[in-house]
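# Architecture at a glance
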Amino acid sequence: MKVWLTMIAGAMLLAGCSGGTDKADGGGAKTLRIAVIPKGATHEFWKSVHAGADEAAKELGVEILWKGPVKEDNLEDQVKVVEDFTTAKVDGIVLAPLDDNGMRVPVSNAMKQEIPVVIIDSGLNEVETVSFVSTDNFKGGQMAGEEVVRLLNGNGRVIMMRYAEGSASTDEREAGFLDVVKKQPGITIVSDNQYGGATTESAQKTAENLLASFRGKFDAIYCPNESTTFGTLRAFEDAGVAGTVKFVGFDASAKLIDGLKAGKINGLIVQNPHKMGYLGVKTIVAHIKGEPVEGRIDTGATLVTMENFETSEIQQLLGLK
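Everything quoted here is computed from the prediction, not taken from an experiment.

### Some thoughts on the packing of helix 3 (residues 75-87) against helix 4 (residues 104-112)
Their axes nearest at 9 Å, the elements helix 3 and helix 4 cross at an angle of 10°. On the basis of their axis angle, the class for helix 3 and helix 4 is roughly parallel. For the pair helix 3 and helix 4, contact is made by Val79, Val82, Glu83 and Thr86 and by Pro106, Val107 and Ala110, respectively.

### Quick look at the layout of surface pockets
Taken as a whole, the largest pocket holds about 370 Å³ of empty space. Surrounding the largest pocket, 19 residues form its lining, Ser48, Ala252, Pro273, Leu317 and Leu318 being those nearest its centre. If you list the elements that add at least two residues to the lining of the largest pocket, you get helix 2 (44-60), helix 9 (254-261), strand 10 (267-271), helix 10 (273-288) and helix 11 (312-317). Here the lining of the largest pocket takes four residues from helix 2, the largest share from any one element. Taken together, the residues of the lining of the largest pocket sort by class into nine nonpolar, seven polar and three charged. What the second largest pocket holds in volume is close to 280 Å³. Along the walls of the second largest pocket sit 15 residues, with Thr42, His43, Thr200, Glu226 and Phe230 positioned nearest its centre. Of all elements in the fold, only helix 7 (200-214) and helix 8 (226-239) reach the threshold of two or more residues within the lining of the second largest pocket. Ranked by residues supplied to the lining of the second largest pocket, first place goes to helix 8 with three residues. Taken together, the residues of the lining of the second largest pocket break down into three nonpolar, five polar and seven charged.

### So, the packing of helix 5 (residues 137-151) against helix 6 (residues 168-181)
For any two helices packed against each other, one specifies the crossing angle of their axes together with the interaxial distance. With their axes 6 Å apart at the nearest point, helix 5 and helix 6 run at an angle of 40° to one another. The angle between helix 5 and helix 6 places the two elements in the oblique class. Along this stretch, helix 5 crosses helix 6, giving a crossing that reads as right-handed. Facing helix 5, whose interface residues are Asn137, Phe138, Gly141, Gln142, Ala144, Gly145, Glu146, Val148 and Val149, helix 6 presents Ser169, Glu172, Arg173, Ala175, Gly176, Phe177, Asp179, Val180 and Val181.

### Examining the sheet that holds strand 1 (residues 33-37)
The strands making up a sheet are joined through hydrogen bonds of the backbone, oriented either antiparallel or parallel. The six strands lie next to each other as 2-1-3-4-5-11, forming an open sheet whose pairing is parallel. Taken across any chain shown, the strands that pair with only one partner, and hence form the sheet edges, are strand 2 (63-66) and strand 11 (296-298). Put simply, the sheet's adjacent strands are angled 20° from each other on average, direction ignored. Sheet analysis places strand 1 next to strand 3 (residues 92-95), joined by four bridges and oriented parallel. For Ile34, the partnering residue across the bridge sits in strand 3 and is Gly92.

### Thoughts on the packing of aromatic side chains
Considering all chains together, one arrives at four aromatic pairs under this definition. With a centroid separation of 4.8 Å and an interplanar angle of 85°, the aromatic rings of Phe45 and Trp46 are classed as edge-to-face. Consider the rings of Phe218 and Phe236, whose centres lie 6.3 Å apart with planes at 45°: the pair is tilted. In this pair, Phe218 sits in the loop between helix 7 and strand 8 (220-222) while Phe236 sits in helix 8, placing the two residues 18 residues apart along the sequence. One aromatic cluster in this structure is built from Phe218, Phe236 and Phe247.

### Observations concerning helix 7
Given 3.6 residues to a turn, an α-helix orients residues that are three or four positions apart in the same direction. For helix 7, with 15 residues, the first-to-last C-alpha span of 20 Å sits near the 21 Å given by 1.5 Å per residue. Turning to helix 7, its buried residues number three or more, namely Thr200, Ala203, Gln204, Thr206, Ala207, Leu210 and Leu211. End-on, the buried residues of helix 7 take up no more than an arc of 160°, which puts them together on one face. Seen from the buried face of helix 7, the exposed residues on the opposite side, beyond 90 degrees, are Glu201 and Ala212. Of the surrounding secondary structure, the elements contacted by the buried residues of helix 7 are strand 6 (156-162), strand 7 (187-195) and helix 8. Two residues or fewer past helix 7, Gly216 is found with a positive phi of approximately 80°.

### Let's talk about empty space enclosed by the protein
Scanning the model with the defined rule gives one cavity of 30 Å³ or more in all. For the largest cavity, the calculated volume is near 120 Å³. Lining the largest cavity are 15 residues, with Trp46, Glu72, Arg173, Asn225 and Asp251 sitting closest to its centre. Where the lining of the largest cavity is concerned, the elements lending two or more residues are helix 2 and helix 6.

### A closer look at the environment of Glu226
For Glu226, the location among the structural elements is in helix 8. Setting aside anything within four residues of it in sequence, one finds Glu226 in contact with His43, Glu44, Phe45, Phe250, Asp251, Ser253 and Leu256. At a separation of 3.3 Å, a polar atom in the side chain of Glu226 contacts the main-chain amide nitrogen of Glu44.

### Points about the side chain of Ser253
By secondary structure assignment, the location of Ser253 is in the loop between strand 9 (246-250) and helix 9. Among the residues examined, Ser253 registers a relative accessible area of 10% and is labelled buried. Beyond its immediate stretch of four places on either side in the chain, Ser253 contacts Glu44 and Glu226.

Definitions and cut-offs
- Residue indices follow the written sequence of each chain, beginning from 1 at its first position.
- Predicted model: local features are reported for residues with pLDDT of at least 70 only, side-chain atom pairs are reported and counted for 80 or more only, and whole-chain, interface and lining totals are derived from all residues.
- Based on all heavy atoms of the structure, the side-chain values leave hydrogens and waters out of the count.
- With axes taken as lines fitted to C-alpha atoms, and helix axes fitted only over the stretch in contact, angles between N-to-C directions fall between 0 and 180 degrees.
- Elements are defined by DSSP. Helices are runs of H or I of four residues or more, strands are runs of E of two residues or more, and each kind is numbered from the N terminus.
- Should an angle fall under 35 degrees it is called roughly parallel, over 145 degrees roughly antiparallel, and 65 to 115 degrees roughly perpendicular, with every other angle called oblique.
- We call two residues contacting when some pair of their heavy atoms lies within 4.5 Å.
- Here a cavity is any set of points on a 1 Å grid over the protein atoms alone where a 1.4 Å probe fits but cannot get out, and a pocket is any open set with protein on both sides within 12 Å along at least 5 of 7 lines; a residue lines the site when it has an atom within 4 Å of a point.
- Grid points are joined across faces, edges and corners, and a volume is the space filled by probe spheres set on the points.
- When residues are grouped by polarity, Ala, Val, Leu, Ile, Met, Phe, Trp, Tyr, Cys and Pro land in nonpolar, Asp, Glu, Lys and Arg in charged, and all others, Gly among them, in polar.
- A clockwise turn of the near helix away from the far one marks a right-handed crossing, whereas an anticlockwise turn of less than a right angle marks a left-handed crossing.
- When DSSP finds two or more bridges between a pair of strands, those strands are recorded as paired.
- Here is the rule: rings of Phe, Tyr and Trp (six-membered ring for Trp) pair when centre to centre is within 6.5 Å. Planes less than 30 degrees apart are stacked, more than 60 are edge-to-face, and the remainder are tilted.
- Each helix should span, by expectation, one fewer than its residue count multiplied by 1.5 Å.
- Three labels apply to residues, based on accessible area from a 1.4 Å probe with only protein chains included: buried if under 20% of the type maximum, exposed if over 50%, partly exposed otherwise in between.
- Each C-beta atom gives one direction from the helix axis, and the arc is the one those directions make.
- Counted as a polar contact is a pair of N or O atoms within 3.5 Å, where, for protein atoms, one must be capable of donating a hydrogen and the other of accepting one, and residues adjacent in sequence contribute only when both atoms are in side chains.

In structure tokens, the structure reads:
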């Protein structure tokens with residue numbers, strides 16, 4: 001009797017993790033379960049990705065399982081999330097890798113167990129996945145570099161704050177920026193080796209240290225993501241220098257838009273995170289259904305300044321209209 005009870009309990013547990021529920025139409029079709037795993041949960045960027053994923057899920061009639069690290073520096077936590085979803089036999093995974101090397105093994109293991117993976121936002125080294133849905137980050141960095149050169153009329157001293165080692169998306173934004181400004185004979189890079197890290201607080205500390213070393217010795221600064229941009233804005237405001245140097249950042253949030261409108265930020269390279277989440281889910285579901293998908297999908301990037309801020313296109317992109 002105990003053996004039978006154990007077998008029944010085990011069967012019930014497997015049924016609970018088998019990958020979906022039957023639809024109410026009686027056809028026995030399974031509702032696909034798609035795990036969507038962001039880099040973190042605190043930044044506005046990931047909230048917009050989540051909204052896009054939810055919109056696609058409702059259109060397609062699939063279930064979204066949203067889970068990721070709280071902070072964007074907890075690689076161990078993200079590895080565990082991928083491993084747990086692999087064990088649970090979800091039907092597909094949409095992942096924004098925290099580290100281009102550190103996430104290779106868990107993603108490879110998922111693919112080996114026939115769980116397809118679509119990568120969003122930030123690339124992964126040496127792992128073949130279904131598709132890569134992301135901003136062209138190198139191009140976005142180039143756009144930032146071109147704007148800084150324009151703001152300085154081709155002459156000046158520039159600081160570039162980095163984000164974090166191993167983050168492919170921001171690595172490319174930094175490389176794209178340097179690709180442009182290093183070609184300008186009138187531009188001098190006074191610092192490009194300081195990392196802001198995953199939080200606004202750590203980025204603010206880095207910006208404060210840069211101000212202590214280079215105050216009055218630089219004319220423009222570039223930051224490659226939301227946390228570095230906002231941390232730098234707070235440091236500049238506290239030091240009373242906001243608006244006195246040219247400032248181009250990456251990503252958008254309400255506080256960064258306020259900084260732009262106040263003249264404390266000159267330009268923001270804005271991605272389309274809603275589209276990223278939406279297309280990430282659409283792509284994985286299409287693949288599961290046997291439909292052809294593109295290996296690389298560019299979700300676009302736009303330079304936002306006060307010159308184009310009031311246009312309908314920008315207002316829609318920023319979710320203000």
